[in-house]
Amino acid sequence: MFMKKYQKLQSILREMESVVVAYSGGVDSTFLLKAAVNTLGADRVLAVTADSETYPTSELEEARALAEKIGVQHQVIETSELAIPGYAENNKNRCYFCKSSLFDHLIPVLEEKGFNNVIYGVIADDMNEYRPGMQAAKEKGIRGPLQEANLFKEEIRKLSRDFDLPTWNKPSFACLSSRIAYGEYITKEKLTKVEKAEAFLKRLDIRQVRVRTHQDIARIEVEPKDMNIILENHDRIVKNLQEYGYKYITLDLIGYQSGSMNKVLS
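As the structure is a computational prediction, the values presented were derived from the model and not from experiment.

Definitions and limits used
- Residues numbered from 1 in each chain as written.
- Predicted model: local features only at pLDDT ≥ 70, side-chain atom pairs only at ≥ 80, totals over all residues.
- Heavy atoms only, no water.
- Axes fitted to C-alpha atoms, helices over the stretch in contact; angles between N-to-C directions.
- Helix = DSSP H or I, 4+ residues; strand = E, 2+ residues; numbered from the N terminus.
- Parallel < 35°, antiparallel > 145°, perpendicular 65-115°, else oblique.
- Left-handed = near helix turned anticlockwise from the far one by under 90°.
- Contact = heavy atoms within 4.5 Å.
- Nonpolar A, V, L, I, M, F, W, Y, C, P; charged D, E, K, R; others polar.
- Core = buried A, V, L, I, M, F, W, Y, C linked by side-chain atoms within 4.5 Å.
- Buried < 20%, exposed > 50% of the residue type's maximum accessible area, 1.4 Å probe, protein only.
- UniProt positions renumbered as here; feature names shortened; annotations may be inferred.
- Polar contact = N/O pair within 3.5 Å; in protein donor to acceptor, adjacent residues only side chain to side chain.
- Phe/Tyr/Trp six-rings, centres within 6.5 Å; stacked < 30°, edge-to-face > 60°.
- Lys NZ or Arg CZ within 6 Å of the ring centre and 35° of its normal.

A look at the packing of helix 1 (residues 2-16) against helix 2 (residues 27-40)
Link 1 in the chain: Relative to each other, helix 1 and helix 2 sit at 65°, their axes nearing to 9 Å. Accordingly, the angle class assigned to the pair helix 1 and helix 2 is roughly perpendicular. As helix 1 packs across helix 2, the resulting crossing turns out to be right-handed. On the side of helix 1, the interface is formed by Tyr6, Leu9, Gln10, Leu13 and Arg14, while helix 2 contributes Phe31, Leu32, Ala35, Ala36, Asn38, Thr39 and Leu40.
Link 2 in the chain: Of the residues belonging to the contact of helix 1 with helix 2, the class tally is eight nonpolar, three polar and one charged.

Structural data, given as structure tokens:
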């Protein structure tokens, strides 16, 4: 079934003829990039990565390496979400401001290079989640071929494995701002604190982790199978996270949940 969806994806991309891909190096945008190159040829595809305060350095390094592996043109542009009016206030429309600004940066690249479309990695799963950035894409004529082909995350992972993409089993990732509770002002210092905390926890061989930040409280989300790692290393974790600026360190017994901060928006 998902191979038919892939064929539909290729049909959508052929109709576009040439594309600029909003490329983060995550599971979805990497697969979209690979599919575009396979379908259109590398000379008709440009990957563009926005480097900003909310994007960890480690992710940028991975994105560079993946683009080189795929054999595609890759451009890194400097952006600043914290400079976007309305973003740092961190209300429920934060992602709208972010995506709107991102697309405003990508459209001039499209025009300069003479390409036809800007595309991004929205997928079928996202249609059932709170994604205000989708409204920004709609307003600016930005398309999401994966969603248009009705491809879901698990299908994208299977296809990625078939294409020998190392991202096929990469943990889901979202910008660092998604770790900070709505209504709490976002600063560079808070983003750095989150990045350091998550990087430390990943070094303990924890695959999927979020350090949700509620003022001085770190609410750690990991998959249930990894909770013992947290408990076994609790002294080290407390010491390091307090050094990063947290006063209280907690483990969420529900475990990792994508978009868990959105629960307060119901």
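Details of the nonpolar core
Link 1 in the chain: The biggest cluster of nonpolar side chains holds 33 residues, and the ones touching the most others in it are Leu9, Phe31 and Val45.
Link 2 in the chain: Among the secondary structure elements, those contributing two or more residues to this core are helix 1, strand 1 (19-22), helix 2, strand 2 (45-51), helix 3 (57-70) and helix 7 (153-162).
Link 3 in the chain: Per-element tally for this core: the top contributor is helix 2, with eight residues.
Link 4 in the chain: With sequence-adjacent residues up to four places away left out, phenylalanine 31 is seen in contact with Tyr6, Leu9, Leu146, Leu151, Ile156, Leu159, Ser160, Phe163 and Leu165.
Link 5 in the chain: Core analysis: the next-biggest nonpolar cluster, separate from the first, contains 24 residues, Leu176, Ile180, Leu204 and Val222 among them.

A word on the UniProt feature "active site" (unreviewed entry) in the protein
Link 1 in the chain: Feature annotation in UniProt places "active site" (unreviewed entry) on Cys175, given in this structure's numbering.
Link 2 in the chain: Mapping cysteine 175 onto the fold places it in the loop between helix 7 and helix 8 (188-202).
Link 3 in the chain: The exposure class of cysteine 175 is partly exposed, given its relative accessible area of 22%.
Link 4 in the chain: Excluding residues within four positions of it along the chain, cysteine 175 makes contact with Thr54 and Tyr87.

Looking at the environment of lysine 34
Link 1 in the chain: Among the secondary structure elements, lysine 34 is positioned in helix 2.
Link 2 in the chain: By relative accessible area, which is 18% here, lysine 34 ends up buried.
Link 3 in the chain: Sequence-wise, lysine 34 and tyrosine 182 are 148 residues apart; in three dimensions their C-alpha atoms are separated by 35 Å.
Link 4 in the chain: Those residues in contact with lysine 34, other than ones at most four positions away along the chain, are Ile70, Phe163 and Leu165.

Overview of the UniProt feature "domain: NAD/GMP synthase" (unreviewed entry) in the protein
Link 1 in the chain: Under the local residue numbering, the UniProt record ascribes the feature "domain: NAD/GMP synthase" (unreviewed entry) to residues 15-81.
Link 2 in the chain: Its end C-alpha atoms 32 Å apart, residues 15-81 is made of 45% helix and 25% strand.

Concerning the environment of serine 178
Link 1 in the chain: Mapped onto the elements of the fold, serine 178 is located in the loop between helix 7 and helix 8.
Link 2 in the chain: Under the relative-accessibility criterion, serine 178 is labelled buried at 15%.
Link 3 in the chain: Serine 178 sits 27 residues away from aspartate 205 along the chain, and the two C-alpha atoms are 22 Å apart.
Link 4 in the chain: When near neighbours in sequence (up to four residues on either side) are disregarded, serine 178 contacts Arg94, Arg212 and Met261.
Link 5 in the chain: A polar atom in the side chain of serine 178 sits 2.7 Å from the backbone oxygen of cysteine 175.

Observations regarding the packing of aromatic side chains
Link 1 in the chain: One pass over the full model with this rule turns up five aromatic pairs.
Link 2 in the chain: Each ring, one from tyrosine 6 and one from phenylalanine 31, has its centre 6.2 Å from the other, and the planes form 50°; the classification is tilted. Of this pair, tyrosine 6 sits in helix 1 while phenylalanine 31 sits in helix 2; the two residues are 25 residues apart in sequence, bridging distant segments of the chain. One exposure class covers both tyrosine 6 and phenylalanine 31, and it is buried.
Link 3 in the chain: With 5.4 Å between their ring centres and 75° between their planes, phenylalanine 103 and tyrosine 120 make a pair best called edge-to-face. Residue phenylalanine 103 is found in helix 4 (residues 94-113), and its partner tyrosine 120 is found in the loop between strand 4 (117-119) and helix 5 (133-140); the two are separated by 17 residues along the sequence. Of the two residues, phenylalanine 103 and tyrosine 120, neither departs from the other in class, the shared state being buried.
Link 4 in the chain: Positioned above the aromatic ring of tryptophan 168 is the side chain of arginine 161, whose terminal nitrogen or guanidinium carbon lies 4.9 Å from the ring centre.

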